[in-house]
Amino acid sequence: MPLDPQIAAMLDVMAQANLPPMSEGTPEQARQAFERGTVGLRNPATLAQVRAVEDGTLPGPAVPLRYRTYRPDVDGSVPTLVFFHGGGFVIGDIETHDDQARLICRDAGVVVVSVDYRLAPEAKFPEPFEDCVAALQWAADHIDTLGGDPQRLAVGGDSAGGNLAAAVALASRESGPRLAAQYLIYPGIDFALEADYPSRLENAEGYFLTADELHWFRAHYLRDEADAVDPRASILLTKDLTGAPPAVIATAEFDPLRDEGAAYAKALVDAGVDVRYHNFDGLIHGFFAFGAFSAGASAAVRELNESFRDLIG
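Residues numbered from 1 in each chain as written. Predicted model: local features only at pLDDT ≥ 70, side-chain atom pairs only at ≥ 80, totals over all residues. Heavy atoms only, no water.

Participant: Can you tell me about the state of the cysteines, naming the residues and giving the values?
Facilitator: Tallied over the entire structure, the rule returns zero disulfides. Cys 105 takes part in no disulfide bond, and the closest cysteine sulfur, belonging to Cys 132, lies 20 Å away. Given a relative accessible area of 0%, Cys 132 falls into the buried group. (Disulfide = S-S within 2.5 Å. Buried < 20%, exposed > 50% of the residue type's maximum accessible area, 1.4 Å probe, protein only.)

What follows is the structure, encoded as structure tokens:
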């Protein structure tokens, strides 16, 4: 399929701005640029409407963690999704991903708990993972004041957040709490540099997320090469996926992470896990945030949220 024409136009505008590559700057510069490109361009009039939004802090393993709770306009108990934002483990927060959390809350009819885990390089692997484990346990302990249904607790996230959600979902098999679902949006699943994924070569340049940026994020997040083969980071290296929670997994045709996301979907299916896998032709990494620019991206977001809603009941 050709690149979605509205996405192509958006990429052309970004190219004409002639901004320096993220991979040539510092984490702080990247964070500021990401905030300008998300929060700075947000139109409050177009935000998905939810019943209530509340901010708070929860106890992390090292420092308190900020979170934001979104409540759908639904009476009675509903599922709860603990959501981890994307950004390569280096950038992003609950502000940059406010749009995504609102859309999931509204369309899927779930309480969303969006979590600010610690970022690299200040907090390298496995510290963000440990923050997310703690956040999930906190949500389980407070389920009565969140969605109210302990049988419908899920984790999810986009990109790096999808990696963290997948890792936390597997860890919960032994440590708890029991999860009803996982929602993985174009997740990064494999840190191996030598991995033979055609999508990493086909989509290395020109489609928003570049190969140089992937290496830049990797260098900031991992402490050493031993981390790259730790199954909590490279989820595909997990030897036994039996008992993982049912999953909705999304990938995009022009995303360098496409093939590893597809590989994880297949690995889960092979382990007997219920998987709803969606690959979207014509779209790029990050499409979940591009609904305002692309009708195709907007339709994909609706399809995914409806799929998650159907899975978690």
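So, next bit.
Participant: Describe the environment of Val 155, listing the residues and the values that go with them.
Facilitator: The topology assignment puts Val 155 in strand β5 (residues 148–158). With relative accessibility at 0%, the residue Val 155 sits in the buried group. In this view, Val 155 contacts Leu 81, Val 82, Phe 84, Leu 136, Ala 165, Val 168, Ala 169, Leu 179, Ala 181, Gln 182 and Tyr 183; residues no more than four positions away in its chain are not counted. (Helix = DSSP H or I, 4+ residues; strand = E, 2+ residues; numbered from the N terminus. Contact = heavy atoms within 4.5 Å.)

Participant: Can you explain the packing of aromatic side chains? Please cite residues and give values.
Facilitator: Centre distance and the angle of the planes are the two values used to describe a pair of aromatic rings. Inspection of every chain in the model, using the stated rule, returns twelve aromatic pairs. Between Phe 125 and Tyr 221, the aromatic rings sit 5.8 Å apart at their centres with planes inclined by 75°, giving edge-to-face as the arrangement. Placement of the pair is Phe 125 in the loop between β4 (111–115) and α4 (127–141) and Tyr 221 in helix α7 (residues 211–221), with a sequence separation of 96 residues. Take Phe 125: its relative accessible area is 1%, and that puts it in the buried class. Between Phe 280 and Phe 287 the ring centres are 5.4 Å apart and the planes differ by 65°, which places this aromatic pair in the edge-to-face class. Phe 287 matches Phe 280 in its accessibility class, with the two residues each being buried. Clustering of aromatic rings is evident, with ring pairs tying together Phe 89, Phe 125, Phe 191 and Tyr 221. (Phe/Tyr/Trp six-rings, centres within 6.5 Å; stacked < 30°, edge-to-face > 60°.)

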